[in-house]
Amino acid sequence: MKITAKLAYSQLKINRLRTAGALAAIALSTALMTVVCSFVASGNAMAVQLLGADYGNYGNAYKGLLLLPAIFFGLMIVIMSVVVISNVFRVSAEERMAQFGILKCVGATGAQISSVVLYESVFLSAVGIPVGLVLGLGLAFVGIRVTNGFLGELNALADMMVNKINLSVSFVVSWQALLVAALICFFTVLFSAWRPGRKAAKASAVDSVRGAGTITIRKTKPGKRERGIGQLTQKLFGCEGVLASKTIQRNRRSFRATVVALATGVVLFVALGSLSQQANALECYMQPTVEETVIADYSSARITRTNEKTGRVESVYRCPLDSDVGNTVAEKLSAYDGKSVYGLGLDLETYYTVLPAEVITGEMQGVLADTPQANYEIPVEIIPVDAYHYKALCEKAGVAVGSTILLNHYRYNDNGSEVDVTPYLPTLRSVTLKKADGSEKTWTIDGVLTQAEMPQELFYFNTNPIRLVVQQAEVRGYSWYATPDDEAAFIAYANTVLAEAFSADATTSYQEDGFSTRAYKTNDYAKVMNIANVLVLVFMYSFVVLLMLIGFTNVVSTMFTNVVMRAREFAVLQSVGMTQEGLRRMLALESILCSLKALAVGLPVGVAITYLINLPIRQMFPVPYAFPWLWVLLCTVGVLGITWGTTRCATHTLRNQNIIETIRTQSGR
Amino acid sequence: MAILTVEGLSKIYGEGTTAVAALKGVSFAVNKGEFVAIIGASGSGKSTLMNLIGGIDRPTAGRVTIDGNDIYKLSESERAIFRRRNVGMVYQFYNLIATLTAEENITLPRLLDNRKPDAAKLAHILAMTGLTERATHLPSELSGGQQQRVSIGRALINDPAFILADEPTGNLDSKSSHEIMDLLKLANKRSHQTLLVITHDEKIALQADRIITIGDGTILSDEVVKG
Ligand SMILES: Nc1ncnc2c1ncn2[C@@H]1O[C@H](COP(=O)(O)OP(=O)(O)OP(=O)(O)O)[C@@H](O)[C@H]1O
Ligand SMILES: [Mg+2]
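Just so we're clear, the structure is a prediction, and the values are computed from it rather than from any experiment.

1. Description of the overall build of chain A
In step 1: Regarding its fold elements, chain A presents 19 helices and 17 strands.
In step 2: Long-range contacts, defined here as pairs at least 24 residues apart, represent 82% of the contacts in chain A between residues at least 6 apart.

This is the structure we're talking about:
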């Protein structure tokens, strides 16, 4: 073996703890990278199976969907690894500056000295990367099993999907993926060793021959602020506190990686915790509010185009539905077990109207526009309700059957909170419905229903500001709400009724037919949301936990090295009368100071990120910002626990140390 | 013939008000095979001079020429290789690599050259330094005197034209000091290697051919001891 390689090897052998930590970090990074690459390979295999080798029409979009997250996660892994692994090399190189100086005296060139550090990285990679690849394949295997579990549940809900699907990911061992993962990690490790290596090459021969290879500590003049803090520490924690804060200040660079690792963990956990909190809130909001348990629906395909005459954008329905047909279907579905089915059609896009400010409440004017206007252009929603329930509505509004009823209620999301307003004044007696082709007709409003009078079926998402219930209309979609005793049997029955009514060829797709029908349980959508939600969170949490394990190797090795390497300093402190208890206090304080630093950086950033995540969400949904108290608390406890625990373990190894022995053996170095 | 010439060598540490002039224009020449002792008060600049001659520091001004090579005209790595092959250095604190055995420490300059250590040569050096029994021991398993002999072995392994020793006996008792000095003198007499020794010990200085006295960064006297 070359002498430089041998020196690297013996260094690895001597500092077992750090070697183990570095190996763990490298293996974990490689494992994570392998999982990411394997998922890309498996996802690719699935996409090829579903869409064909060239990914079909939307090839680039799908590729982006597969590669962008992979690149994002890959980058996170690389950054974390570089921070952690380069710290290992930096500390290990700094400790041996004296040795490098001696090598220089004997005639080693700078290149030879940096190759000592590079050899270290090569040796560590040679062991860590293969272990990581195997570990990663195992993790990917488990991950894909878990994914398939979720996808299986999703496939079972396929009733509600337009096309029957059968999603599953197969575990693919792709040598390309393994090679990519191994190469990325190898270069990450090499890069991490490169800078410390260059620094080692600049080791001063003169410094190392001057003394017995003592490590020189840069003197820093304390500023006013530091002196103030020093006095405060002295008062609060006594002499041990001052020593602890001095150590942290002096070894700032060693602790920096630890602080970065811990702070990253805090940021990720707080952000993720808040994300899951918001996802839950969103899920709650998405929970259907109707009491009916099954929904059957019809929906026409639609094209949007610009009308040549008026220049307005218009929607054209391929197969619009006459509400009389919806009515018939409602009757047929009601015949199943005699319970009435609530049928309602929906046309959101055909009509708009222009209303003068006089008929609109002040509150609603504020919703419609930022500044008051004389006239407001408002999209109109036409809702034909099945005959039975339409009659009931007319009775409630006190008007004759055949009337047009205004639903005088508008619900909107005001930056995260749901607000109900009464939009129109009683002076609104008629509405002129305009179409994009320029035609228009005026409808009188015969009756009005207030929010309190409206049935629950009419409170669905995304309504237009003006909503008219009518007896008959041509609409794009129609839904039938039912509460059967046997849901599955009813769904089957509904499907036959729908097939009869609309004679769709079940195998052809939405686009060719021009319409689609389906029957599904009301909470199926919520279930899909929930599955997707849990799947994403499970993966994010696993990723963050594994990423944190990489960081954790650094915390452990820094904390241990901090204690073990200073055995001599401790022995000296003990020889001048510091008690074991005082020593432990000092170390505990060091770990707490280190944690506080990490928290001081991590918590504000994490909380800021949670706020940023919420910003776009609350633009769209009534999910207000909630301060992630729980996560802030958990992270604080976690970080303090981790550093304190590791320091405690490390101190334990010092307990039976003999003062004289330590001073004697360590001074000869 | 001069193997070493030092011309106008100055070294200033630090800058501004805290600047320390450790050497102030020192010039002398040493002939091949000479044994020169350098003495002087503590802090007078002896180690600074020696580090500059060994090429591990950089002078503020002046030249050091060894065997016709102006060593500070060489690049950093050329100087390292030059040192590896032509200069053997011995220090007060033995400066061995803690993770290498005695044998490996001795052969280090050759290993750095990617040359196989010549077995006969190594055996000879081990025998000469009395370390045959201790060849596979780590520095931490050796006494101070033994460690110093290892570092002398390391200085001699490449048959350098030059041996520089900075207080080689500073940490040793008088018996070990004798052994170390005998070793160095042996190399000087038998292989005609030029020997420069810095010492505080008058008895050692008196064994030299020539004594250079340094004071406050300048040469105070330069006298030949024996004719
Ligand atoms: N790295 C340095 N930075 C600043 N000043 C230095 C440095 N190295 C040496 N000096 C100063 O240069 C002067 C000469 O130092 P040098 O080590 O050469 O003395 P010396 O003659 O070897 O002393 P001793 O006999 O005690 O070893 C001293 O005043 C010392 O303080
Ligand atoms: Mg000196």
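More follows now that the structure is in view.
2. A closer look at the overall build of chain B
In step 1: Looking only at helices and strands, chain B has 7 helices and 10 strands in total.
In step 2: A compact globule built from 227 residues should have a C-alpha radius of gyration of about 17 Å, and chain B, at 17 Å, falls within 12% of that.
In step 3: In terms of overall dimensions, chain B has C-alpha extents of about 50 × 40 × 40 Å along its principal axes.
In step 4: The long-range share in chain B, meaning contacts at least 24 apart out of those at least 6 apart in sequence, stands at 68%.
In step 5: Of the roughly 9,700 Å² that chain B leaves accessible, carbon and sulfur atoms contribute 51%.
In step 6: Positive and negative charge centroids in chain B, built from 25 and 26 side chains respectively, lie 3 Å apart.

3. Section: helix 4 (residues 97–106) of chain A
Residues and elements named next belong to chain A.
In step 1: The buried fraction of helix 4 is high, at 8 of 10 residues.
In step 2: Within helix 4 the residues assigned to the buried category are Q99, F100, G101, I102, L103, K104, C105 and V106.
In step 3: Looking at the residues trailing helix 4, positive phi occurs at G107, about 110 degrees.

4. Side note on the sheet that holds strand 5 (residues 342–346) of chain A
All names here are of chain A.
In step 1: Within the open sheet, the 4 strands sit side by side as 5-16-1-17. Their pairing is antiparallel. Two strands lie at the open edges of the sheet, namely strand 5 and strand 17 (515–521), each paired on one side alone. The mean inter-strand angle of the sheet, taken between neighbouring strand axes irrespective of direction, is 15 degrees.
In step 2: Here strand 5 pairs with strand 16 (residues 477–482) via 5 bridges, running antiparallel. The partner of G343 across the bridge, within strand 16, is W480.
In step 3: Here helix 13 (residues 487–502) sits on the sheet in contact with strand 1 (294–300), strand 16 and strand 17, set at roughly 165 degrees to strand 17.

5. Topic: the pattern of salt bridges
In step 1: Considering all chains together, one arrives at 24 salt bridges over all chains under this definition.
In step 2: Between E440(A) and K434(A) there is a salt bridge, with its nearest N and O atoms 3.8 Å apart.
In step 3: Its relative accessible area of 22% is what places K434(A) among the partly exposed residues.
In step 4: Through salt bridges with shared partners, a single network forms among E7(B), R63(B), D70(B) and K73(B).

6. Re the side chain of N51(B)
In step 1: With respect to the helices and strands, the residue N51(B) is situated in helix 1 (residues 46–54).
In step 2: Ignoring sequence-local partners within four residues, the contact set of N51(B) consists of V206(A), V209(A), I56(B), D57(B), Y72(B) and Y91(B).

7. Focus on the environment of A263(A)
Residue and element names in this part refer to chain A.
In step 1: By secondary structure assignment, the location of A263 is in helix 9 (residues 252–286).
In step 2: Taking the relative accessible area as the measure of exposure, A263 reaches 7% and is therefore buried.
In step 3: Along the backbone, A263 and L28 are 235 residues apart, and their C-alpha atoms lie at a distance of 19 Å.
In step 4: Each residue touching A263, except ones within four places of it in the same chain, is listed here: A598, V601 and G602.

8. Structural notes on the pairing of strand 3 (residues 313–317) of chain A
Residues and elements named next belong to chain A.
In step 1: Here 5 bridges tie strand 2 (residues 302–306) to strand 3, and the two strands are oriented antiparallel to one another. When the sheet's bridge partners are listed, R302 is paired in strand 3 with Y317.
In step 2: Linkage of strand 2 to strand 3, two consecutive antiparallel strands, is achieved through a turn of 6 residues, within which G311 is found at a positive phi near 80 degrees.

9. Re the nonpolar core
In step 1: One finds F100(A), L103(A), L547(A), I550(A) and L108(B) to be the most contacted residues of the largest nonpolar core, which totals 56 residues.
In step 2: Ranked by residues supplied to this core, first place goes to helix 2 (residues 16–51) of chain A with 10 residues.
In step 3: In terms of domain composition, this core takes at least three residues from each of domain 1 (1–214) and domain 2 (226–287 + 524–669) of chain A.
In step 4: Residues within four places of L108(B) in sequence aside, it is in contact with I3(A), L103(A), V106(A), I97(B) and L100(B).
In step 5: Judged by nonpolar contacts, the second largest core, of 45 residues, contains A296(A), I378(A), Y410(A) and I445(A).

10. A few points about the side chain of T361(A)
All names here are of chain A.
In step 1: The topology assignment puts T361 in the loop between strand 6 (352–356) and helix 11 (362–368).
In step 2: Assessed through its relative accessible area of 14%, T361 is described here as buried.
In step 3: A distance of 2.9 Å separates the side chain of T361 from the backbone oxygen of T422, its partner in a polar contact.
In step 4: Excluding its chain neighbours within four sequence positions, the residues that come into contact with T361 are T422, P423, Y424 and L425.

11. Concerning a positive patch on the surface
All names here are of chain A.
In step 1: A cluster of basic side chains, namely R195, R198, K202, R252, R253, R256 and K597, defines a positive patch on the protein surface.
In step 2: Put simply, the parts of the chain that give the positive patch at least two residues each are helix 6 (175–201) and helix 9.
In step 3: Per element, the largest residue contribution to the positive patch is 3 residues, and it comes from helix 9.
In step 4: By the secondary structure assignment, K597 is in helix 17 (residues 580–620).

12. Quick word on the interface of chain A and chain B
In step 1: Listed per partner, the contact involves 23 residues of chain A and 24 residues of chain B.
In step 2: Around 2,100 Å² of area is buried between chain A and chain B when both sides are counted, 68% of it from carbon and sulfur atoms.
In step 3: For the interface between chain A and chain B, the tally reads 2 salt bridges.
In step 4: E104(B) is paired through a salt bridge with K6(A); the nearest N and O atoms lie 2.9 Å apart.
In step 5: Here chain A and chain B share 7 residue pairs in polar contact (both at pLDDT 80 or more) between them.
In step 6: At the level of secondary structure, the elements contributing two or more residues to the side of chain A that touches chain B comprise helix 1 (3–14), helix 4 and helix 7 (205–210) of chain A.
In step 7: At 6 residues, helix 4 of chain A tops the list of elements feeding residues into the side of chain A that touches chain B.
In step 8: The class makeup of the residues in the side of chain A that touches chain B is 12 nonpolar, 7 polar and 4 charged.

13. Observations concerning the domain arrangement of chain A
All names here are of chain A.
In step 1: Domain boundaries in chain A define domain 1 (1–214), domain 2 (226–287 + 524–669) and domain 3 (294–522).
In step 2: For the pair domain 1 and domain 2, the summed buried area comes to about 2,900 Å², and 80% of that belongs to carbon and sulfur atoms.
In step 3: Along the contact surface separating domain 1 from domain 2 lie 0 salt bridges.
In step 4: Listed by contribution, the elements that provide at least two residues to the side of domain 1 that touches domain 2 are helix 2, helix 3 (59–95) and helix 5 (110–156).
In step 5: If you tally residues by element for the side of domain 1 that touches domain 2, the top one is helix 3, at 12 residues.
In step 6: Residue composition of the side of domain 1 that touches domain 2, by class: 20 nonpolar, 7 polar and 5 charged.

What counts and what doesn't
- Residues numbered from 1 in each chain as written.
- Chains lettered and ligands numbered in written order.
- Predicted model: local features only at pLDDT ≥ 70, side-chain atom pairs only at ≥ 80, totals over all residues.
- Heavy atoms only, no water.
- Helix = DSSP H or I, 4+ residues; strand = E, 2+ residues; numbered from the N terminus.
- Contact = heavy atoms within 4.5 Å.
- Rg over C-alpha atoms; globule rule 2.2 N^0.38 Å.
- Areas by Shrake-Rupley, 256 points an atom, 1.4 Å probe, with all protein chains shown as cover.
- Lys, Arg positive; Asp, Glu negative; His and termini not counted.
- Charge placed at Lys NZ, Arg CZ, Asp CG, Glu CD.
- Buried < 20%, exposed > 50% of the residue type's maximum accessible area, 1.4 Å probe, protein only.
- Pairing = 2+ DSSP bridges.
- Axes fitted to C-alpha atoms, helices over the stretch in contact; angles between N-to-C directions.
- Salt bridge = Lys/Arg side-chain N within 4 Å of Asp/Glu carboxyl O.
- Core = buried A, V, L, I, M, F, W, Y, C linked by side-chain atoms within 4.5 Å.
- Domains from an automatic or database assignment.
- Polar contact = N/O pair within 3.5 Å; in protein donor to acceptor, adjacent residues only side chain to side chain.
- Patch = residues over 30% accessible without salt bridge, like charges linked within 9 Å, V, L, I, M, F, W, Y side chains within 5 Å.
- Buried area = accessible area lost by both parts, 1.4 Å probe.
- Nonpolar A, V, L, I, M, F, W, Y, C, P; charged D, E, K, R; others polar.

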